[in-house]
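Listed below are the residues making up each chain.
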Amino acid sequence: MGSGEPRHVDPRSNATVIDQNGKVIYFGLERFVRDICLGDCCFVCGARPGNVPFNDEHVIPRWILRRYNLFDRMINLPNGTSLRYDRYTVPCCEACNTLIGRMIEEPIRQIVEGGFDSVRHTRTLDRRAAGWTCWFMYSWHALPAPSS
Ligand SMILES: [Zn+2]
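Thresholds, definitions, all that
- Residues numbered from 1 in each chain as written.
- Predicted model: local features only at pLDDT ≥ 70, side-chain atom pairs only at ≥ 80, totals over all residues.
- Helix = DSSP H or I, 4+ residues; strand = E, 2+ residues; numbered from the N terminus.
- Buried ≥ 20, exposed ≤ 12 C-beta atoms within 10 Å, placed from the backbone.
- Contact = placed C-beta atoms within 7 Å.
- pLDDT = per-residue confidence, 0-100.
- Arc of directions from axis to C-beta.
- Core = buried A, V, L, I, M, F, W, Y, C linked by C-beta atoms within 7 Å.
- Bend = angle between axes of the 7 residues up to and from the residue.

Enquirer: What am I meant to see in the overall build of the protein chain here?
Expert: A count of helical and extended segments in the protein chain gives five helices and six strands. Of the regular secondary structure in the protein chain, the N- to C-terminal order runs β-β-α-β-α-β-β-β-α-α-α. Scored against the burial criterion, the 148 residues of the protein chain give a buried share of 16%. Considering only residue pairs separated by 6 or more positions, the protein chain has 53% of its internal contacts joining residues 24 or more positions apart.

Pasting the structure below:
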């Protein structure tokens, strides 16, 4: 491992690819399930708590919780878990959380809060909305089933 250039990886190979700086640029399935789905590593970069600052990511962004008064309401997840919206978070390091906020959540917030005219005049809407939707669906389904 250690190549800085992205390379083709057969998704069935279960290989994790790490760049020359030690950052995971592709998770193999086994490591992804162990570290992200069942573990407490950052869901974006795989960093371990204790190695870098963590502040966890709200799956439903706080601006949506505020806008629709959802903080103390309950959400039922596909895995059978029920929890308050404001406690529905996934492990995320501060650096990745900041990046998600700047690249995805803030632009989407501005578009949504700008109403119809904002949506109509936003050329990047499709790409950002698709990214945000993927992130949301990923977070929704990455939580493990309850252990009861
Ligand atoms: Zn991270």
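Now that the structure has been shown, we can carry on.
Enquirer: Would you take a moment to explain the confidence of the model for the protein chain for this structure?
Expert: Interpretation of the predicted coordinates at a detailed level should be avoided for regions scoring low in pLDDT. The pLDDT averaged across the protein chain works out to 80; a share of 74% of its residues lies at or above 70. Mean pLDDT across the secondary structure elements of the protein chain bottoms out at helix 5 (residues 125-142), with 64, and peaks at strand 5 (residues 82-84), with 92.

Enquirer: Would you take a moment to explain helix 1 (residues 29-37) for this structure?
Expert: Residues that lie three or four places apart on an α-helix share one face, since the helix turns once every 3.6 residues. For helix 1, the set of buried residues is Phe-32, Asp-35 and Ile-36. Down the axis of helix 1, the sector holding all buried residues measures 95°, keeping them to one side.

Enquirer: For this particular structure, what's the right way to read the nonpolar core?
Expert: Across soluble globular proteins, nonpolar side chains have a tendency to be buried as a group. Within the largest apolar cluster, 14 residues are counted, with the highest numbers of intra-cluster contacts made by Cys-42, Phe-43, Val-44, Cys-92, Cys-93 and Cys-96. Cys-93 has contacts with Cys-42, Cys-45, Ala-47, Val-52, Pro-53 and Phe-54, leaving out every residue within four places of it along the chain.

Enquirer: Explanation requested: helix 3 (residues 94-113) in the structure shown.
Expert: Along helix 3, the largest kink reaches about 45° and is centred on Gly-101. Downstream of helix 3 by one or two residues, Gly-115 has phi in the positive range, about 75°.

Enquirer: Would you mind showing me how to read the environment of Ile-100 here?
Expert: Structurally, Ile-100 is set in helix 3. C-beta crowding within 10 Å serves as the criterion here: with 19 such atoms nearby, Ile-100 is assigned to the partly exposed category. Those residues in contact with Ile-100 that sit more than four places away from it in its chain are Glu-57 and Glu-105.

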